[in-house]
Amino acid sequence: MTSDGPGLWGMTAPPAPDCPPLAGALRADVAVIGAGYTGLSAALHLARAGADVVVLDALAPGAGGAGRNVGLVNAGLWLMPQDLIARAGPEHGPRLLDCLGRAPAEVWQVIAEEAIACEAIPNGTLHCAPDAAGVAALTARAAQWQALGADLRLLDRDETSARTGSLGFQAALFDPRAGTIQPLAYARGLARTAMAKGARICGHSPVSGLRETAQGWQLATPQGQVDAAQVILATDLFPGAPRPECAQEQVILPYFNFATDPLPPELRAAILPGGEGAWDTRKVLTSFRLDAAGRFIIGSVGQLGALDTAVHHAWAARQMARLYPALRGVALQWGWWGRIGTTSDALPRLHQPAPGLWSVSGYNGRGIAPGTVFGRLLAELCLGRISADQMPLPLTPSSPAQLRSLRGLALRAGAAALHLVSGHGAR
């Protein structure tokens, strides 16, 4: 079955906390718009510090990208470390790289401190090379991270086969900092712990108005309003945001996942026996992992709409069988998809559109760890513990992406076309 919601994750996550719609008028020190990783992490850290915080979401915690992604907790960004430094600049580049290199450790720490039940497996990830070009890219990436002191290791063909259980790769880059989670369970856990510390989270409360006042900001919803000294915009790509600039400077990259029912023990033991999550080096990549129950999850670029679901489903079945011949014929029972926000230089954006109004967006497919870290940093900005010039990103004005809609459609169509004619070598 396919889903416009979180699919498998919605079935296996702990129940969502009760977050009734806002009704009436509230006051708060900080209002957060959006209950994804950034907004929920900000709310948790604000509440820990004793601040009065209200979170408003158009749906429910984790209903957007936080509940639809693969669940890989990765360090850094898609960019090579040297490219990241070159694009972010000599001041912010090293700071950003260091921040995001340590980001998975912060995720594991929050999960441990708050006892969040989210199938956390901090056993690393495997970035896999199916061809010579991929090997060259991983060799360069490993050297750049190792020069910075990171304990990454490039595995040869035999080691890669042993770690993945597949003969489909020539090499893999093992990153012990990383790992996997049940992504919706993590989002709901952040929400639950933030609420336990005093944060108020109002679901089904889209913000229809945002205006500056003498005391700060006033946010209007269909049934109420919030007056707050400061506001954090954490809506990213979510449609209907009160200030759409963050979404408009990103091109949408759709991403889907399919999952099997739990595999028999003998098959589970042969696939990623170390519990890592994995993906490959191809531009239209393949990601694959197991969940805690032993379901095989495979994903790639593309949307599950009326025109392309069958194409992507058939590709996923072929690719799964190519990587793991023992899975040939195993049914893919669950399908779901979400949106990734990509920026022109593959770097996140930090904005302050007006005094007391902050936003971070554009994680370019790395939302879990950066969202957790930048949520904390936005909380520290609002608390006055740090200043904007201490952030790992510079403050920049928003700039709409050129031909945003056409580029998004091209990405969707291109992925569908590739999946229609290939299984990346499958027969």
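It should be noted that the structure appears before, not after, this text.
These notes cover the structure that comes with them. (Residues numbered from 1 in each chain as written. Predicted model: local features only at pLDDT ≥ 70, side-chain atom pairs only at ≥ 80, totals over all residues. Heavy atoms only, no water.)

All right, on to the overall build of the protein chain then. A tally of regular secondary structure across the protein chain gives 12 helices and 19 strands. Taken against the 2.2 N^0.38 rule, which gives 22 Å for 427 residues, the C-alpha radius of gyration of the protein chain at 21 Å falls within 12% of a compact globule. In terms of its C-alpha atoms, the protein chain occupies a principal-axis envelope of roughly 65 × 45 × 45 Å. The buried share of the protein chain, taken over its 427 residues, is 58%. Long-range contacts, defined as pairs at least 24 residues apart, comprise 77% of the intrachain contacts of the protein chain with a sequence gap of at least 6. Surface accessibility of the protein chain: about 16,400 Å² in total, with carbon and sulfur atoms responsible for 57%. A gap of 4 Å separates the mean positions of the 34 positive and 32 negative side-chain charges of the protein chain. (Helix = DSSP H or I, 4+ residues; strand = E, 2+ residues; numbered from the N terminus. Rg over C-alpha atoms; globule rule 2.2 N^0.38 Å. Buried < 20%, exposed > 50% of the residue type's maximum accessible area, 1.4 Å probe, protein only. Contact = heavy atoms within 4.5 Å. Areas by Shrake-Rupley, 256 points an atom, 1.4 Å probe, with all protein chains shown as cover. Lys, Arg positive; Asp, Glu negative; His and termini not counted. Charge placed at Lys NZ, Arg CZ, Asp CG, Glu CD.)

Quick look at the side chain of Glu249 now. Along the polypeptide, Glu249 turns up in the loop between α8 (245-248) and β13 (251-260). Arg349 is the oppositely charged side chain nearest to the buried, salt-bridge-free Glu249, at an N-O distance of 4.1 Å. A distance of 2.5 Å separates a polar atom in the side chain of Glu249 from a polar atom in the side chain of His351. Within the structure, the side chain of Glu249 is placed 3.3 Å from the backbone nitrogen of Ser399, a separation counted as a polar contact. Sequence-distant contacts of Glu249, defined by excluding residues within four places in its chain, comprise Thr342, Thr343, Arg349, His351, Ser361, Ser398, Ser399, Pro400 and Ala401. (Salt bridge = Lys/Arg side-chain N within 4 Å of Asp/Glu carboxyl O. Polar contact = N/O pair within 3.5 Å; in protein donor to acceptor, adjacent residues only side chain to side chain.)

Looking at the element boundaries, Asp175 is found in strand β7 (residues 171-175). Given a relative accessible area of 7%, Asp175 falls into the buried group. Engagement of the side chain of Asp175 in a polar contact is seen with the side chain of Arg177, the distance being 2.9 Å. Excluding residues within four positions of it along the chain, Asp175 makes contact with Ala75, Gly124, Thr125 and Leu152.

Okay, the packing of aromatic side chains next. Applying the stated criterion across every chain yields a total of nine aromatic pairs. When the ring of Phe256 is compared with that of Trp315, the centres are 6.0 Å apart and the planes differ by 85 degrees; the resulting orientation is edge-to-face. With Phe256 in strand β13 and Trp315 in helix α10 (residues 309-323), this residue pair connects regions lying 59 residues apart in the sequence. The pair Phe256 / Trp315 is uniform in exposure class, with both members buried. An aromatic cluster of at least three residues, connected via ring pairs, comprises Phe169, Phe288, Phe296 and Tyr324. For the cation-ring pair, Arg163 lies above Phe174, with the distance from its terminal atom to the ring centre recorded as 4.3 Å. (Phe/Tyr/Trp six-rings, centres within 6.5 Å; stacked < 30°, edge-to-face > 60°. Lys NZ or Arg CZ within 6 Å of the ring centre and 35° of its normal.)

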